[in-house]
Number of protein chains: 2
Amino acid sequence: MEAAKKKVLNGVNIEQLFSTIDLIKEKPDVAKFKFRATNKWVNGTHCRATVKGFYGALKEDDSREPRVFDMDEPPVLLGNNQGTNPVEYLLVALSGCLTTSLVAHSSAKGIEIKGVQSRYEGDIDLRGFLGLSEEVPVGYKEIRVYFKIDADVSDEQKKEMIRMAQKYSPVFNTITKSAPVSVHLDK
Amino acid sequence: MEAAKKKVLNGVNIEQLFSTIDLIKEKPDVAKFKFRATNKWVNGTHCRATVKGFYGALKEDDSREPRVFDMDEPPVLLGNNQGTNPVEYLLVALSGCLTTSLVAHSSAKGIEIKGVQSRYEGDIDLRGFLGLSEEVPVGYKEIRVYFKIDADVSDEQKKEMIRMAQKYSPVFNTITKSAPVSVHLDK
């Protein structure tokens, strides 16, 4: 029982996590991942993305079933509600990444978690998208996140869990520190 | 026929687009939107986000049905494939936003589009997430995008369509120019 408890905490396989870390220390290329998506325009503001394969741990992984995501705008933004819109998907991505980072890093530190909930709100001034103002940002002006953590630890420790989530979340760091995106015409 | 053609192009209601622009020029607050998501941790690297209401055009819109998105990692990243992972959702968001921006701005310029497809690949070195290196970025190091556009225009015009997509896409600009994200502990 005691050994099993240590091996998996909060559903995170700590043993696998630490053995992965040891492996990466020896072979840094194991840590290099490539994630992918494709997109096909449907009509108007409606398009459809598909996610399937990725590269990581030194090999291609094509074993997953494809997953499909419809995106569209609500009527007020010229769409027909055929899907969640792209800026909302960005919040979905951020929410998943902060949550996973919080749980993984807290688990590695041996903190038992009963529950984690969070909410996200981001401000966009559409004058940027519409080309009506050079002064407002085209992207999110600001995003606010609020976490509720159910665990038998102090508020100070909960705040430290949130700091770890921010420090190690790839999506959080992509958004707050930026990443270069090159866009090409494919013949 | 001729009037109907002008009113809607590529499924985009151009008339509504230009009347929205006129309205925003008069009342800039109409352009201020707030998008939202919530997230609940399930177990391990599995969590679930929900998107429903938003604020925009001077009012709350709670009319849409909630949409739910499961996120998880593949086994090599300690998960059980219960969903697409958060960094893949970021590519989904980017794909939808660049596509919608390309189609909307091309439509406003009167360009008829037959098809748009695109593919996305982003590099992440997980030594950042794992805290094994301060030198590699925690987020995406680089994202590459390739567009195929089916339209009766020159390659130079297609490249201009891609430049407009980049200039006006909120997700592209959030990623490439960064946005502040504040994270709080909710009591």
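This write-up is about the structure you can find in this document.

What counts and what doesn't
- Residues numbered from 1 in each chain as written.
- Chains lettered and ligands numbered in written order.
- Predicted model: local features only at pLDDT ≥ 70, side-chain atom pairs only at ≥ 80, totals over all residues.
- Heavy atoms only, no water.
- Helix = DSSP H or I, 4+ residues; strand = E, 2+ residues; numbered from the N terminus.
- Buried < 20%, exposed > 50% of the residue type's maximum accessible area, 1.4 Å probe, protein only.
- Areas by Shrake-Rupley, 256 points an atom, 1.4 Å probe, with all protein chains shown as cover.
- Lys, Arg positive; Asp, Glu negative; His and termini not counted.
- Charge placed at Lys NZ, Arg CZ, Asp CG, Glu CD.
- Core = buried A, V, L, I, M, F, W, Y, C linked by side-chain atoms within 4.5 Å.
- Contact = heavy atoms within 4.5 Å.
- Least-squares fit on C-alpha atoms with pLDDT ≥ 70 in both.
- Pairing = 2+ DSSP bridges.
- Phe/Tyr/Trp six-rings, centres within 6.5 Å; stacked < 30°, edge-to-face > 60°.
- Lys NZ or Arg CZ within 6 Å of the ring centre and 35° of its normal.
- Axes fitted to C-alpha atoms, helices over the stretch in contact; angles between N-to-C directions.
- Parallel < 35°, antiparallel > 145°, perpendicular 65-115°, else oblique.
- Nonpolar A, V, L, I, M, F, W, Y, C, P; charged D, E, K, R; others polar.
- Buried area = accessible area lost by both parts, 1.4 Å probe.
- Salt bridge = Lys/Arg side-chain N within 4 Å of Asp/Glu carboxyl O.
- Polar contact = N/O pair within 3.5 Å; in protein donor to acceptor, adjacent residues only side chain to side chain.

Some words on the overall build of chain A
In step 1: Scanning chain A for helices and strands turns up 5 helices and 10 strands.
In step 2: Relative to its 187 residues, chain A shows a buried fraction of 55%.
In step 3: Total accessible area on chain A is roughly 8500 Å²; 49% of this is exposed by carbon and sulfur atoms.
In step 4: Averaging the coordinates of the 27 positive side-chain charges in chain A and doing the same for the 26 negative ones gives two points 4 Å apart.

Side note on the nonpolar core
In step 1: Ranked by size, the top nonpolar core spans 117 residues in total, and within it A:Leu94, A:Leu102, A:Phe147, B:Leu94 and B:Phe147 carry the most contacts.
In step 2: Setting aside residues up to four positions removed in sequence, A:Leu102 forms contacts with A:Ile113, A:Val116, A:Phe147, A:Ile149, A:Met161, A:Ile162 and A:Ala165.

Considering helix H5 (residues 170-177) of chain A
Given 3.6 residues per turn, any residue in an α-helix points the same way as the ones three and four places further on.
Residues and elements named next belong to chain A.
In step 1: Counted residue by residue, H5 has 6 buried out of 8 residues, so it is predominantly covered.
In step 2: Along H5, the residues classified as buried are Pro170, Val171, Phe172, Asn173, Thr174 and Ile175.
In step 3: Immediately beyond the C-terminal end of H5, within one or two residues, lies serine 178, with a positive phi of roughly 75 degrees.

Structural notes on the relation of the copies chain B and chain A
In step 1: Each copy superposes on the other: chain B lies on chain A with an RMSD of 0.0 Å after a rotation of 180 degrees and an axial shift of 0.0 Å. Here the transformation between the copies is reduced to the relation of a two-fold axis. For chain B, the smallest separation between a C-alpha atom and the rotation axis is recorded for B:Ser178, amounting to 2.2 Å.
In step 2: Comparing contact sets, 100% of the residues at the interface of chain B also lie at the interface in chain A, consistent with an isologous, same-surface contact.

Comments concerning the pairing of strand E10 (residues 181-185) of chain A
The side chains of a regular strand alternate, residue by residue, between the two faces of the sheet.
In step 1: The alternating pattern of E10(A) places A:Val181, A:Val183 and A:Leu185 on a buried face, while none of A:Ser182 and A:His184, on the opposite face, is buried.
In step 2: Two strands pair when backbone bridges link them, and E10(A) and strand E9 (residues 142-150) of chain B are joined in this way by 5 bridges, in the parallel orientation. Bridging from a neighbouring strand, A:Val183 pairs with B:Val145 of E9(B).

Observations regarding the packing of aromatic side chains
In step 1: Under the definition given, this model contains 11 aromatic pairs over all chains.
In step 2: Taking the centre distance of 5.8 Å and the plane angle of 20 degrees together, the rings of B:Phe33 and B:Phe35 count as stacked.
In step 3: Ring pairs connect the aromatic residues A:Phe69, A:Tyr89, B:Phe69 and B:Tyr89, which therefore count as one cluster.
In step 4: The cationic tip of B:Arg119 hangs over the ring face of B:Tyr146; the distance from NZ or CZ to the ring centre is 4.4 Å.

Thoughts on the environment of B:Lys7
Residues and elements named next belong to chain B.
In step 1: Here lysine 7 lies in helix H1 (residues 2-7).
In step 2: A relative accessible area of 38% places lysine 7 in the partly exposed class.
In step 3: Apart from the residues within four sequence positions on either side, lysine 7 is in contact with Val12, Asn13, Ile14 and Glu15.

Structural notes on the packing of H5(A) against helix H3 (residues 86-108) of chain B
In step 1: Interaxial distance between H5(A) and H3(B) falls to 8 Å at its minimum, and their mutual angle equals 40 degrees. In terms of orientation, H5(A) lies oblique with respect to H3(B). Contacts from A:Pro170, A:Val171 and A:Thr174 in H5(A) reach B:Pro86, B:Val87 and B:Leu90 in H3(B).
In step 2: Here the contact of H5(A) with H3(B) is composed, by residue class, of 5 nonpolar, 1 polar and no charged.

Comments concerning the packing of helix H2 (residues 14-26) of chain A against helix H3 (residues 86-108) of chain A
All names here are of chain A.
In step 1: In contact at an axis separation of 10 Å, H2 and H3 are set at 90 degrees when each is read in the N-to-C sense. By the angle class used here, H2 and H3 are roughly perpendicular. In this structure, H2 uses Ile14, Leu17 and Phe18 to contact H3, whose residues at the interface are Ala104, Ser107 and Ala108.
In step 2: Partitioned by chemical class, the residues of the contact of H2 with H3 number 5 nonpolar, 1 polar and no charged.

Notes on the interface of chain B and chain A
In step 1: The interface is formed by 122 residues belonging to chain B together with 122 residues belonging to chain A.
In step 2: At the boundary of chain B with chain A, total buried surface from both sides reaches about 11000 Å², with 65% on carbon and sulfur atoms.
In step 3: Per-residue buried area on chain B facing chain A is highest for B:Phe35, B:Trp41 and B:Leu78; these three make up 7% of the total on that side.
In step 4: At the surface where chain B touches chain A, the tally comes to 9 salt bridges.
In step 5: The tally of links from chain B across to chain A stands at 49 residue pairs in polar contact (both at pLDDT 80 or more).
In step 6: Of the residues in the side of chain B that touches chain A, the class split is 60 nonpolar, 35 polar and 27 charged.

Some points on the pattern of salt bridges
All names here are of chain A.
In step 1: Tallied over the full model, the rule gives 31 salt bridges over all chains.
In step 2: A salt bridge links glutamate 160 to arginine 163; its shortest N-O distance comes to 3.1 Å. Linking glutamate 160 with arginine 163, this pair stays in helix H4 (residues 155-168), spanning 3 residues, or about one helical turn.
In step 3: Classification of glutamate 160 as partly exposed rests on a relative accessible area of 36%.
In step 4: When its relative accessible area of 42% is taken as the criterion, arginine 163 is described as partly exposed.

Let's talk about unusual backbone geometry
In step 1: In the Ramachandran plot, B:Ala57 falls in the positive-phi region, its phi being about 50 degrees despite a non-glycine side chain.
In step 2: Within the element layout of this structure, B:Ala57 appears in the loop between strand E5 (54-56) and strand E6 (59-61).

So, the environment of A:Ser19
In step 1: Assignment of secondary structure puts A:Ser19 in helix H2.
In step 2: Of the polar contacts made by the side chain of A:Ser19, one reaches the backbone oxygen of A:Gln16; its length is 3.0 Å.

These figures come from the coordinates and say nothing about function on their own.
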